[in-house]
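Next come the chains, spelled out residue by residue.
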Amino acid sequence: MERIGTVFTADCAEMNEMGAGIVRNEGMVVFVPGLVPGDRAEIEIVSAEKNYAVGKCLMFVCRSPDRIQPRCPEEERCGGCTLGHIPYDMENQIKQNTVRSAFRRAGLKEISPEETVYGENRYGYRNKMTLRYDPASRCFGYCREGSDEVLSFRGCPLCPDRFSEIVLFLNGQPDLTAPLRPTGLCVRSGSEGLSLSIRTESDPEDPSALLNAVREAFPDAVLISVSGSVQDAAPVRDRIAGLEM
């Protein structure tokens, strides 16, 4: 078993779908978040289990030619996505390799996964955004990876721009949101249109001021709700794979 605090230098040859590079030290597999195949780095062990360890990159000795600048400035802190620092085709190859490894571990070596099916656009494709509320800053945001700390929200390139516009609008209305004691926010886009739901600790007494402000700013929203208060009778429906939901 690796000792916590051990420092060593290693080359990253592969990467998992969670954004961790995979290196080996004295026969032990070590997962290092943020490393890319082709990186050579100085690594410190931060936790150790019987069959693997987790390390952190202290410094790069040599950077991989496949490493790219993430489009999102919060990627290194945010737990929302983990593969923005590699090219799109490499991301999809990693996902295919993940399936292949799962088959191999299950003893199904004779099964070879097909190529990853993926969309034309790497960004703006998600149809749902779920955020936490931070009472201290009175803002909604994603959490830091592995933590309950809510990060300041500057936009999310994986979601449509309209989603980020809604979050930034709500974060700019703390006097309307804070009295409702929100805990989270969900923004969704379906075949019927845009919807947003603010979760609260309990049913608010009168959310009308916030609801009216949101409706005025986003008239394309087909459903707006705060806890159990639904202010539009139009149901949000979607059609996926021929099925209406």
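Here, the structure is the one placed above.
Residues numbered from 1 in each chain as written. Predicted model: local features only at pLDDT ≥ 70, side-chain atom pairs only at ≥ 80, totals over all residues. Heavy atoms only, no water.

Enquirer: Would you mind going over the overall build of the chain with me for this structure?
Expert: What the chain contains, in helices and strands, is 4 helices and 14 strands. Dimensions of the chain, computed from the C-alpha atoms along their principal axes, are close to 60 × 45 × 30 Å. Expressed as a percentage of its 245 residues, the buried residues of the chain come to 38%. In the chain, the proportion of contacts linking residues at least 24 apart, taken out of those at least 6 apart, comes to 52%. With 28 positive and 36 negative side-chain charges, the chain shows a separation of 3 Å between the mean positions of the two kinds. (Helix = DSSP H or I, 4+ residues; strand = E, 2+ residues; numbered from the N terminus. Buried < 20%, exposed > 50% of the residue type's maximum accessible area, 1.4 Å probe, protein only. Contact = heavy atoms within 4.5 Å. Lys, Arg positive; Asp, Glu negative; His and termini not counted. Charge placed at Lys NZ, Arg CZ, Asp CG, Glu CD.)

Enquirer: Would you mind showing me how to read the nonpolar core here?
Expert: The nonpolar side chains of a soluble globular protein tend to be buried, and buried together. With 28 residues, the main nonpolar core has Met129, Leu131, Phe140, Tyr142, Leu170 and Leu185 as its most contacted residues. Contributing elements (two or more residues each) for this core: strand E7 (128-134), helix H2 (161-171), strand E9 (182-190), strand E10 (193-200), helix H4 (208-217) and strand E11 (221-226). Looking at which element gives the most residues to this core, the answer is H2, with 4 residues. Excluding its chain neighbours within four sequence positions, the residues that come into contact with phenylalanine 140 are Leu131, Arg132, Tyr133, Val150, Phe153, Val167, Leu170, Asn171, Pro182, Gly184, Leu185 and Ile198. (Core = buried A, V, L, I, M, F, W, Y, C linked by side-chain atoms within 4.5 Å.)

Enquirer: Whenever I open this one, the packing of aromatic side chains confuses me. Can you help?
Expert: A ring pair, where both rings are aromatic, is described by two values, the distance of the centres and the angle of the planes. If you walk through the whole model with that rule in mind, you get 5 aromatic pairs. Ring centres 6.3 Å apart and planes at 40 degrees place the aromatic pair tyrosine 142 and phenylalanine 153 in the tilted group. One end of the pair, tyrosine 142, is in the loop between strand E8 (139-141) and H2; the other, phenylalanine 153, is in the loop between E8 and H2, with 11 residues separating them in the sequence. Ring geometry for phenylalanine 169 against phenylalanine 218: centres 5.5 Å apart, planes inclined by 85 degrees, an arrangement best described as edge-to-face. A residue pair is termed long-range when its members are at least 10 positions apart, and phenylalanine 169 in helix H2 and phenylalanine 218 in the loop between H4 and E11 qualify at 49 residues. Taking the relative accessible area as the measure of exposure, phenylalanine 169 reaches 21% and is therefore partly exposed. (Phe/Tyr/Trp six-rings, centres within 6.5 Å; stacked < 30°, edge-to-face > 60°.)

Enquirer: Teacher, can you tell me more about the sheet that holds strand E4 (residues 28-33) here?
Expert: To summarise the sheet geometry, strands pair through backbone hydrogen bonds and adopt either a parallel or an antiparallel arrangement. Strand order in the open sheet formed by 6 strands is E1-E5-E6-E4-E3-E2, with mixed pairing between adjacent strands. Each edge of the sheet is formed by a strand with only one pairing partner; in this case those strands are strand E1 (7-11) and strand E2 (14-15). Both E1 and strand E5 (residues 40-48) contribute to a ladder of 5 bridges, which runs antiparallel. Bridging across to E5, threonine 9 finds its partner in glutamate 42. (Pairing = 2+ DSSP bridges.)

Enquirer: Mind showing me how you'd approach the pattern of salt bridges here?
Expert: Pairing is possible between side chains of opposite charge, provided their charged atoms come close. The tally for this structure, following the rule as stated, stands at 13 salt bridges. Of the charged contacts in the structure, one is a salt bridge between aspartate 11 and arginine 40, with a shortest N-O distance of 3.0 Å. Taken together, the positions of aspartate 11 in strand E1 and arginine 40 in strand E5 put the pair 29 residues apart, joining distant regions of the chain. For aspartate 11, a relative accessible area of 48% gives the class partly exposed. Overall, the relative accessible area of 32% leaves arginine 40 in the partly exposed class. (Salt bridge = Lys/Arg side-chain N within 4 Å of Asp/Glu carboxyl O.)

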